[in-house]
Amino acid sequence: MPESPAKTVTEAGGGGPVALPPESQRSTAPRVAVASLIGTTIEYYDFAVYGTASALVLGPAFFPSGNATVSTLAAFLTFAAAFVSRPLGVVLFGTIGDRLGRRRALVASLLLMGVATVGVGLLPTYETAGLLAPVLLVTLRLLQGVSMGGEWGGAVLLAAEHAPPGRRALYAAVPNIGPSLGFLLSSAVVVPTLDIVGRDGFSDWAWRIPFLLSAVLVMVGLWVRTTVAESPVFKAETGGGTRTPAWAETEDRPAEQSPASRFPLGTLLARHPGRLLLGTGAAIGGSAVYYLTIVYSLSYGPKTLGIPQNTMLTAASIGAAAGIAITLPVARLADRVGRRPLMLTGATGSVLWAVPMYASLSSRNALLITGAYAVGLMLLALMFSPMAAFLAELFPARLRYTGASAAFILANTLGGGFAPLLATWLNSQWSSPLVLGFYTGGLCLVSLACLATLPETREGDFAV
């Protein structure tokens, strides 16, 4: 029986004319969203495990030094290395995703992340292999970064492009839960392991367990991702759907919607540099908040301020859970009132709350720190929950994988990737957690300015 043709309608309270997939495909939208969430959770679990291990173990194990600050800086430098290679992932997986399909790119990125993460768990330390150990560690981190460059954008697009009318922000926000959920999953493995084997046992050998467990998670993720349907918007735009491709309807169709666009990043830079720059700025502040909270402070709190390790892990975990709790309600509201009002509110709140949040570390009070982190990560969710749909809607369908990925990854690299490294240096010069607040507050102010400049995207035509 032939497949029913796609229908074009106007979304009620959620966008302009869009090409809807057949009913059989629309009914799979929740499953696609869950598949996207599983993938981003696994990818960010891997990243969070590395960040936690960097704070606790990897400095002395791979970069031994008589100076603890130098060892920590070296470990965080390898953390930053993965962000440097993320743009390569944007180019590689963005090209695959925009030319060959979202699903293919996502399967490849997850497989690459799995190989690199399990590889870290199998590495010899400096004591065993000498200089070869840190070289191998940095190499695997670079591969992790390449993988992450293609993950977020593809997962968001696959969910958003399957979304029913008026629910695009909601579905796009589902995989956006992955970063916080991945951190919680990482903590659920790391904290019990620390309790069972102790700090010495974890430093000696047990730090490998979270990395090796990633193999099981990746196999589950690959199975889920290979069973979901390709994006109907992508199939329609490339002629793989049931209607005439948009780029074939007129001879003067823009180049980014033409099959001749063999290098999407080049077309993106030529035609949409302003939106790419502003989209990057819109996400840069939230990236700093996320990585300083769930990566850097786990090292800074215990080593510099004497806060118990479990206190910091618990505070970050509860804060992440609070952010998860409001992510989908915020996204649903964004489908009704628009993306910008909520993101502007979240950015403003993050600017004002940045200094008080990190100032709470000076109190060394577990309850106060946990409360401050919970408020800060809820404000982050207010800013980032609609961000998934917003960045996707900034770019046309034929450049969407590359455009959304590039904006988000550049923001992560500039705002988050170097944040632990820069914060370590700043605190070596000024011994106060207020430095973290001024740093993140300044970047959130940049995000606020960019969001104020960009237009509302909810009513745009998402099918082209």
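Analysis parameters
Each chain has its residues counted from 1, following the order in which its sequence is written. In view of the model being predicted, local features appear only for residues whose pLDDT reaches at least 70, and side-chain atom pairs are presented and counted only at 80 or more, with totals across whole chains, interfaces and linings using the full set of residues. Side-chain numbers here rest on the full set of heavy atoms in the structure, without hydrogens or water. Every helix listed is a DSSP run of H or I at least four residues long, and every strand listed is a run of E at least two residues long, numbered separately from the N terminus. Type-normalised accessible area, obtained with a 1.4 Å probe on protein chains alone, sets the label of each residue: buried when under 20%, exposed when over 50%, and partly exposed for intermediate values. Throughout, a residue-residue contact means that at least one pair of heavy atoms, one from each residue, lies within 4.5 Å. Only the protein chains shown count as cover for residues, and the accessible areas themselves come from Shrake-Rupley with a 1.4 Å probe. What makes a nonpolar core is a set of buried Ala, Val, Leu, Ile, Met, Phe, Trp, Tyr and Cys residues whose side-chain atoms join them at distances within 4.5 Å. To count toward a patch, a residue needs a relative accessible area above 30% and no salt bridge. Like charges then connect within 9 Å, nonpolar side chains (Val, Leu, Ile, Met, Phe, Trp, Tyr) within 5 Å. Take a side-chain nitrogen of Lys or Arg and a carboxyl oxygen of Asp or Glu: if they are within 4 Å of each other, that pair is a salt bridge. Convention adopted: a line fitted to C-alpha atoms gives each axis, helices being fitted over their contacting stretch, and angles between N-to-C directions are expressed from 0 to 180 degrees. Angle categories: roughly parallel below 35 degrees, roughly antiparallel above 145, roughly perpendicular from 65 to 115, and oblique for all the rest. Helix crossings fall into two classes, left-handed where the near helix is turned counterclockwise from the far one by less than a right angle and right-handed where it is turned clockwise. Classification used: nonpolar for Ala, Val, Leu, Ile, Met, Phe, Trp, Tyr, Cys and Pro, charged for Asp, Glu, Lys and Arg, polar for all others including Gly. Aromatic rings from Phe, Tyr and Trp, taking only the six-membered ring of Trp, are treated as a pair when their centres fall within 6.5 Å; an angle between ring planes under 30 degrees marks them as stacked, one over 60 as edge-to-face, and anything in between as tilted. A ring is considered to have a charge above it if a Lys NZ or an Arg CZ atom is located within 6 Å of its centre and within 35 degrees of its normal. Helices are assigned an expected span. That span is 1.5 Å times one less than the residue count. As a per-residue quantity, pLDDT reports the predictor's confidence and falls between 0 and 100.

The protein goes by MFS transporter in an unreviewed UniProt entry, where it is assigned to Streptomyces ossamyceticus.

K.L.:
Please give an account of the overall build of the protein that cites residues and values.
P.N.:
Along its length, the protein carries 20 helices and two strands. Burial status across the protein gives 61% buried among its 464 residues. A fraction of 82% describes how many contacts in the protein between residues 6 or more apart in sequence connect residues 24 or more apart. For the protein, the accessible surface area stands at approximately 16500 Å², while carbon and sulfur atoms represent 68% of it.

K.L.:
Describe the nonpolar core, naming the residues involved and giving the relevant values.
P.N.:
Within the largest apolar cluster, 114 residues are counted, with the highest numbers of intra-cluster contacts made by F62, L361, Y373, M387 and L391. With 15 residues, the single largest contributor to this core is helix α13 (residues 273–305). Those residues in contact with F62, other than ones at most four positions away along the chain, are L123, P124, T125, Y126, A133, P134, L137 and W207. Counting residues in hydrophobic clusters, the runner-up holds nine residues, among them A33, L37, A159 and I324.

K.L.:
Now, about a nonpolar patch on the surface: what can you tell me, with residues and values included?
P.N.:
A cluster of nonpolar side chains, namely L132, V135 and L136, defines an oily patch on the protein surface of about 240 Å² accessible area. As for its position among the elements, V135 is in helix α7 (residues 132–160). For V135, a relative accessible area of 48% puts it in the partly exposed group.

K.L.:
Which residues make up the packing of helix α15 (residues 339–359) against helix α16 (residues 366–384), and what values do they have?
P.N.:
Packing of α15 against α16 leaves a shortest axis separation of 7 Å and a crossing angle of 155 degrees. It follows from the interaxial angle that α15 and α16 lie roughly antiparallel. In this structure, α15 meets α16 at a crossing whose hand is left-handed. Here L342, M343, T345, G346, A347, G349, S350, W353, M357 and Y358 of α15 lie close against α16, whose contacting residues are A372, Y373, V375, G376, L379, L380, L382 and M383. Across the contact of α15 with α16, the residue classes tally to 13 nonpolar, five polar and no charged.

K.L.:
Explain the environment of L132 to me, using residue names and the numbers behind them.
P.N.:
Structurally, L132 can be placed in helix α7. Judged by its relative accessible area of 48%, L132 falls in the partly exposed class.

K.L.:
Explain the packing of aromatic side chains to me, and be specific about the residues and the numbers.
P.N.:
The final tally for this structure, using the stated rule, is nine aromatic pairs. On the basis of an interplanar angle of 80 degrees and a centroid distance of 5.9 Å, the ring pair of F62 and W207 is categorised as edge-to-face. Highlighted residues: F62 in helix α2 (residues 29–62) and W207 in the loop between α9 (178–206) and α10 (208–225), separated in sequence by 145 residues. The exposure class of W207 is buried, given its relative accessible area of 1%. Joined through ring pairs, the aromatic side chains of Y50, F62, W207 and F211 make up one cluster. A cation over a ring is seen here: R141 above Y50, with NZ or CZ 3.8 Å from the ring centre.

K.L.:
Give me the pattern of salt bridges: which residues, what numbers.
P.N.:
Throughout the structure, instances matching the rule amount to nine salt bridges. Via salt bridges that share partners, R168, R332, D335, R339 and E393 belong to a single interconnected network.

K.L.:
Requested: an account of helix α4 (residues 86–99), with residues and values cited.
P.N.:
An ideal rise of 1.5 Å per residue puts 20 Å on 14 residues; α4 measures up with 19 Å between its terminal C-alpha atoms. Every buried residue belonging to α4 is among R86, G89, V90, F93, G94, G97 and D98, and all of these are buried. Within two residues after α4, G101 carries a phi angle of roughly 135 degrees, on the positive side.

K.L.:
Outline the packing of α4 against helix α5 (residues 102–121), listing residues and values.
P.N.:
Orientation of α4 relative to α5, taken along the N-to-C sense of each, is 150 degrees, at an axis distance of 6 Å. The angle between α4 and α5 falls in the class roughly antiparallel. Residues F93, I96, G97 and D98 of α4 touch α5, and the partners they reach there are R102, R104, A105, A108, S109 and L112. A per-class count over the contact of α4 with α5 returns five nonpolar, two polar and three charged.

K.L.:
I'd like to hear about the side chain of E151, residue by residue, with values.
P.N.:
Topologically, E151 is positioned in helix α7. Exposure remark for E151: the relative accessible area of 0% places this residue in the buried category. Residues contacting E151, with those up to four places away along its chain left out, are S36, G39, T40, E43, L106, S109 and R225.

K.L.:
Explain the confidence of the model for the protein to me, using residue names and the numbers behind them.
P.N.:
Summing up the model confidence of the protein, the mean pLDDT is 83 and the portion of residues at 70 or higher is 86%. With pLDDT under 50 throughout, residues 1–25 is counted as low confidence; its partners more than four residues away or in other chains account for 60 contacts. pLDDT under 50 marks residues 241–260. Its contacts with residues more than four places away, or in other chains, come to 45 contacts.

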